[in-house]
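Examination of the molecular architecture
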Amino acid sequence: MSTPGRQATRTTTARLWRTLGTARLTFQAMAITGYFDCDGAAGKHASELPHMSMQQIQQLCVNEQAGTRDYFRHYMDVAQANGLKLVMYEGGPSVMEEGAIVSGANVQAVTDKAIAFNRDDAIRRPVQEQLNIWLDVVTNNARNNKPGGLFNYFSSTGTASKYGSWGMAEYTGQDLATVTQVAGCTELHFRQVPQQPTGPQVLLRQKPGVEPGVRVFCFLQWAIHLCRDR
């Protein structure tokens with residue numbers, strides 16, 4: 001985040017705090033969004049996107065990670081300066097044409113490539129690295145204890161379209177072992193918390209090698225609070 005951007009945030013926050021008066025004393029946390037669009041892959045790079053390989057698009061995602069870390073650090077500082085915890089009310093990949101949401105207009109070749117990337121194994125690394133940055137900067141910050149650190153992944157299930165590929169899975173009953181975003185988040189989750197989750201659970205499906213009745217982590221608003229009691 002640029003220096004002018006940082007100052008603008010501080011100025012806006014200070015103005016908001018003055019407006020709220022004593023009501024702000026009841027607040028516990030500040031919530032931000034955390035979407036990543038891979039350096040505007042379907043916007044700034046729209047003319048190139050249909051001709052790019054999945055690895056080239058992945059590299060665009062990697063290129064913006066330093067900015068993501070800076071963004072999280074900035075809001076971690078703002079939250080702590082105001083006696084608040086920091087949470088992510090929704091975040092995840094947003095490789096899609098913003099114009100489709102604004103006006104409904106889209107370029108089909110760009111839409112098709114964006115959807116293909118969101119389904120491809122190449123998105124696994126960007127998803128995991130964004131979540132790891134959040135863990136490092138926010139969740140593992142000793143001063144950002146409960147309720148701080150929560151990351152709500154948007155969303156559990158949603159149909160891919162020109163308006164975005166927002167779902168980790170595209171439909172209920174989909175074989176989750178074949179869904180890259182689900183696999184990426186699951187791998188990261190169990191690297192961090194190898195024991196059985198203690199948070200919200202639901203029996204989604206029987207996994208090979210898992211005993212009947214074992215309950216797996218619920219992907220509804222997948223939280224990288226990582227089911228830890230904090």
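First, a word on scope: everything that follows refers to the structure included in this document. Quick caveat: nothing in here was measured; it's all calculated off a predicted structure.

1. A word on the environment of glutamate 170
For glutamate 170, the position within the fold is in the loop between β3 (151–153) and α7 (180–192). The sequence separation of glutamate 170 and serine 156 amounts to 14 residues, and the corresponding C-alpha distance is 8.5 Å. Once you skip the residues sitting within four places of it in the chain, glutamate 170 turns out to touch Arg119, Thr157, Gly158, Thr159 and Ala160. Reaching out from glutamate 170, the side chain makes a polar contact with the side chain of arginine 119 at a distance of 2.6 Å.

2. Focus on helix α3 (residues 65–81)
Taking 1.5 Å of rise per residue, the 17 residues of α3 would be expected to cover 24 Å, and the 24 Å separating its terminal C-alpha atoms lies within 8% of that figure. Gln65, Thr68, Phe72, His74, Tyr75, Met76, Val78, Ala79 and Gln80 are the residues of α3 that are buried.

3. A short note on the packing of helix α2 (residues 54–63) against helix α5 (residues 108–119)
Interhelical geometry of α2 versus α5 gives an angle of 80 degrees and a closest axis separation of 11 Å. Considering the angle they form, α2 stands roughly perpendicular to α5. Note on element contacts: α5 touches α2 through Lys113, Ala116 and Phe117, opposite Met54, Ile57, Gln58 and Cys61. A breakdown of the residues in the contact of α2 with α5 according to their chemical character gives 5 nonpolar, 1 polar and 1 charged.

4. Remarks on the environment of arginine 119
With respect to the helices and strands, the residue arginine 119 is situated in helix α5. Sequence spacing of arginine 119 and methionine 168 is 49 residues, and the spatial spacing of their C-alpha atoms is 9.2 Å. The residues contacting arginine 119, other than those within four sequence positions of it, are Ala160, Glu170 and Thr180.

Rules behind the numbers
Within each chain, residues carry numbers counting from 1 in the order of the written sequence. Per-residue local features of the predicted model are confined to residues with pLDDT of at least 70, and side-chain atom pairs are confined, for both listing and counting, to 80 or more; whole-chain, interface and lining totals are unaffected and use all residues. Side-chain measures here rest on the full set of heavy atoms in the structure, leaving out hydrogens and waters. Runs of H or I in DSSP of at least four residues are treated as helices and runs of E of at least two as strands, each being numbered from the N terminus. Note on contacts: a residue pair is in contact if any heavy atoms of the two residues lie within 4.5 Å. Polar contact criterion, stated in full: a pair of N or O atoms within 3.5 Å, where within protein one must be able to donate a hydrogen and the other to accept it, and residues adjacent in sequence count only if both atoms are side-chain atoms. One less than the residue count of a helix, multiplied by 1.5 Å, gives the span that helix is expected to have. Under the scheme applied here, a residue whose accessible area is under 20% of the maximum for its type counts as buried, over 50% as exposed, and between as partly exposed, the area being computed with a 1.4 Å probe on protein chains only. Interaxial angle, 0 to 180 degrees, is taken between N-to-C directions of lines fitted to C-alpha atoms, where a helix line uses only the stretch in contact. Angles are sorted into four bins: roughly parallel if under 35 degrees, roughly antiparallel if over 145, roughly perpendicular if 65 to 115, and oblique for all others. Lys, Arg, Asp and Glu make up the charged group, whereas Ala, Val, Leu, Ile, Met, Phe, Trp, Tyr, Cys and Pro make up the nonpolar group; the residues left over, Gly among them, are polar.

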